[in-house]
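Here is how the chains run, residue by residue.
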Amino acid sequence: MTDPAVSADAMLAHAGSGRRPGEPIVLPPVLATILASQGQPGDADYGRSGNPTWTALEDALGVIENAQAVVFASGQAAAMALMLALARGRDRILLPRDGYYNARTLADRLRPHGAVPVFVDQGHVAAIEDELAAGRAVLWAESPTNPLLRVADLTALARLAAAAGAPMVVDNTVATGLLQQPLDLGATASLCSLTKSASGHSDVLAGAVLTRDPVLADDLRDWRSLGGGALGPMEAWLALRGLKTLPLRIERQSATAQTIAAHLAGHPRVTAVHYPGSRPETLALARAQMPRGFGPLLSFEVDGNTADADAVVAAATLIAPASSFGGVESTWERRSRWPAESAPPALIRLSVGIEPAADLIADIDRALASGLAG
Ligand SMILES: *Cc1c(COP(=O)(O)O)cnc(C)c1O
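Residues numbered from 1 in each chain as written. Predicted model: local features only at pLDDT ≥ 70, side-chain atom pairs only at ≥ 80, totals over all residues. Heavy atoms only, no water.

Examining the site of the ligand
Then, number 1: Lining the immediate surroundings of the ligand are 13 residues, of which Gln 76, Asp 171, Ser 193, Thr 195 and Lys 196 lie closest.
Then, number 2: Between an oxygen atom of the ligand and a main-chain N or O atom of Gly 75, the distance comes to 2.8 Å.
Then, number 3: Within the side chain of Ser 193, an N or O atom sits 2.7 Å from an oxygen atom of the ligand.
Then, number 4: When the ligand is considered free in solution it has 380 Å² of accessible area, and contact with the protein chains removes 93% of it. (Near = heavy atom within 4 Å. Polar contact = N/O pair within 3.5 Å; in protein donor to acceptor, adjacent residues only side chain to side chain. Areas by Shrake-Rupley, 256 points an atom, 1.4 Å probe, with all protein chains shown as cover.)

Rendered as structure tokens:
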């Protein structure tokens, strides 16, 4: 399944398929929690240490980023295993101040296990260099960030991390491995919540870590098996099924998101638009790091207060009011409704689905026109 002459997109369409006479073209989910084994080391003999459906999903993810994949029960389970695996012998973990808030909260909860979280501005390279020099550290980057869609210079950050002997993690959930390849840019590990775009149908919680470091991959498998953050086989099956259409979905969603970002930038009720494809300061960087597109997620700020933003969200008839992102159906939410979130009060985060752009723009315009709380 790893013919280097065949593109990852083409391989994905065939992921898990049998080819020999009588083999199923669609891999069935394997529900067994025990597998026959005579105790050979490395045997996946119990459902917490291995499952054939995971293997198919891990192989497919591995093809995208040319790495070993370790799948988990959720993005957060993957993040926890990664934080615990990397904490050994390290004092600090540097995380983006404006990144995914649950990563900051989790790092804070894991303080007793070694690494103390330090919140940094990813755009401030000199400050990060100082923080890296202040002790043995892990650099936890995120680009584009959720929910402000800021683009960090991952190559520059990886250089700093390497010079300081620090492993660098990139939370690649927003871009996915299809749009951005953090390991090629120098990261030690690439983290992806498969709950979002990667699976793409809002019906499965799953996560993965990609790495080319076999020792780290083994360590992550140990944390998964011992910590119990194992992915269910049905979830693995759904994630693999969704992953096959990721190239089609994300290309369409990226193009539509770019169109909507441009539309919003010209709307009188919108005071700011956040999208990698429309921020001039980082546009060249974004193009270099994400050559295939900028993904389905964008955010914008409406004139007014939180009630005004809530009224806009509630007024849509097509875009559903919901969190998460990357699904085939468009959704939006006022992001600051989550207590630990640091986004501006009237910021709406929009996940662009696969609907035609014209339908979405009509819905957005209607919502912005009628959603005046008064
Ligand atoms: C959703 C998300 C996660 C966590 O993933 P879950 O599958 O919800 O546990 C991690 N990072 C980012 C950027 C996310 O958006």
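With respect to the domain arrangement of the chain
Then, number 1: Under the domain assignment, the chain is made up of domain 1 (8–243) and domain 2 (246–371).
Then, number 2: The gap between the C-alpha centroids of domain 1 and domain 2 is 26 Å.
Then, number 3: Listed per partner, the contact involves 38 residues of domain 1 and 38 residues of domain 2.
Then, number 4: Two residues, Arg 292 and Asp 9, come together in a salt bridge whose shortest N-O distance is 2.7 Å.
Then, number 5: Linking domain 1 with domain 2 are 15 residue pairs in polar contact (both at pLDDT 80 or more).
Then, number 6: Looking at the side of domain 1 that touches domain 2, the elements with two or more residues in it are helix H1 (8–13), helix H4 (101–109), helix H6 (154–163), helix H7 (176–179) and helix H9 (233–243).
Then, number 7: A breakdown of the residues in the side of domain 1 that touches domain 2 according to their chemical character gives 17 nonpolar, 14 polar and seven charged. (Domains from an automatic or database assignment. Contact = heavy atoms within 4.5 Å. Salt bridge = Lys/Arg side-chain N within 4 Å of Asp/Glu carboxyl O. Helix = DSSP H or I, 4+ residues; strand = E, 2+ residues; numbered from the N terminus. Nonpolar A, V, L, I, M, F, W, Y, C, P; charged D, E, K, R; others polar.)

Regarding the packing of helix H2 (residues 52–65) against H9
Then, number 1: Between H2 and H9, the least distance of the axes is 8 Å, while the angle of their chain directions is 35 degrees. Like other packed secondary-structure pairs, H2 and H9 cross with a definite hand, here left-handed. On H9, the residues touching Thr 53, Trp 54, Ala 56, Leu 57, Ala 60, Leu 61 and Ile 64 of H2 are Pro 233, Ala 236, Trp 237, Ala 239, Leu 240 and Leu 243.
Then, number 2: Considered class by class, the residues forming the contact of H2 with H9 number twelve nonpolar, one polar and no charged. (Axes fitted to C-alpha atoms, helices over the stretch in contact; angles between N-to-C directions. Left-handed = near helix turned anticlockwise from the far one by under 90°.)

Describing H4
Then, number 1: Listed as buried for H4 are Tyr 101, Ala 103, Arg 104, Leu 106 and Ala 107.
Then, number 2: As for H4, its buried residues are in contact with helix H3 (75–87), strand E2 (92–96), strand E3 (116–120) and strand E4 (137–142). (Buried < 20%, exposed > 50% of the residue type's maximum accessible area, 1.4 Å probe, protein only.)

Here we look at the sheet that holds strand E7 (residues 207–211)
Then, number 1: Across the sheet, seven strands lie side by side as E1-E7-E6-E5-E4-E2-E3; this open sheet has mixed pairing. This sheet does not close on itself; its edge strands, each paired only once, are strand E1 (68–72) and E3. Each strand axis lies, on average, 20 degrees off the axis of its neighbour in the sheet, ignoring direction.
Then, number 2: Taken strand by strand, helix H5 (residues 125–133) contacts E2, E3 and E4, and its axis lies near 165 degrees from that of E2.
Then, number 3: Against the sheet, helix H8 (residues 214–227) touches E1, strand E6 (189–193) and E7, its axis set at about 15 degrees to E1. (Pairing = 2+ DSSP bridges.)

Concerning the nonpolar core
Then, number 1: Formed by 77 residues in total, the largest nonpolar core has its most connected members in Leu 57, Leu 298, Phe 300 and Trp 332.
Then, number 2: Two domains each put at least three residues into this core: domain 1 (8–243) and domain 2 (246–371).
Then, number 3: In contact with Phe 300, other than residues within four places in its own chain, are Leu 264, Val 270, Ala 272, Val 273, Trp 332, Ala 346, Leu 347, Ile 348, Leu 350 and Leu 368.
Then, number 4: If you look at the next biggest cluster of nonpolar residues, it comprises 28 residues, including Ala 78, Ala 79, Leu 95 and Leu 216. (Core = buried A, V, L, I, M, F, W, Y, C linked by side-chain atoms within 4.5 Å.)

Quick word on the packing of aromatic side chains
Then, number 1: Overall, the coordinates contain three aromatic pairs when judged by the stated rule.
Then, number 2: Taking the centre distance of 6.2 Å and the plane angle of 85 degrees together, the rings of Tyr 275 and Phe 294 count as edge-to-face. One end of the pair, Tyr 275, is in the loop between strand E8 (270–274) and helix H11 (283–289); the other, Phe 294, is in the loop between H11 and strand E9 (297–302), and 19 residues separate them in sequence. By the burial criterion, Tyr 275 is buried, and Phe 294 matches it.
Then, number 3: Over the aromatic face of Tyr 100 sits the side chain of Lys 196, whose NZ or CZ is 5.3 Å from the ring centroid.
Then, number 4: For the cation-ring pair, Arg 224 lies above Phe 72, with the distance from its terminal atom to the ring centre recorded as 6.0 Å. (Phe/Tyr/Trp six-rings, centres within 6.5 Å; stacked < 30°, edge-to-face > 60°. Lys NZ or Arg CZ within 6 Å of the ring centre and 35° of its normal.)

Quick look at the pattern of salt bridges
Then, number 1: Counting across every chain of the model gives 18 salt bridges.
Then, number 2: Asp 303 is the partner of Arg 269 in a salt bridge, and the nearest nitrogen-oxygen pair spans 2.9 Å. Placement of the pair is Arg 269 in the loop between helix H10 (246–265) and E8 and Asp 303 in the loop between E9 and helix H12 (306–315), with a sequence separation of 34 residues.
Then, number 3: Using a relative accessible area of 9% as the deciding quantity, one classes Arg 269 as buried.
Then, number 4: Between Arg 335 and Glu 341 there is a salt bridge, with its nearest N and O atoms 2.8 Å apart. One exposure class covers both Arg 335 and Glu 341, and it is buried.
Then, number 5: When salt bridges with common partners are traced through the structure, they connect Glu 333, Arg 335, Arg 337, Glu 341 and Arg 349 into a single cluster.

Here we look at H12
Then, number 1: Asp 308, Ala 309, Val 312 and Val 313 are the residues of H12 that are buried. In an axial view of H12, the angular spread of the buried residues amounts to 140 degrees, which keeps them on one side of the axis.
Then, number 2: On its buried face, H12 sits against E9, strand E10 (320–321), strand E11 (331–334), strand E12 (347–351) and helix H13 (357–370).
Then, number 3: Capping the start of H12 is the job of one residue whose side-chain oxygen sits 3.1 Å from the backbone nitrogen of Ala 307: Asn 305. (Arc of directions from axis to C-beta.)

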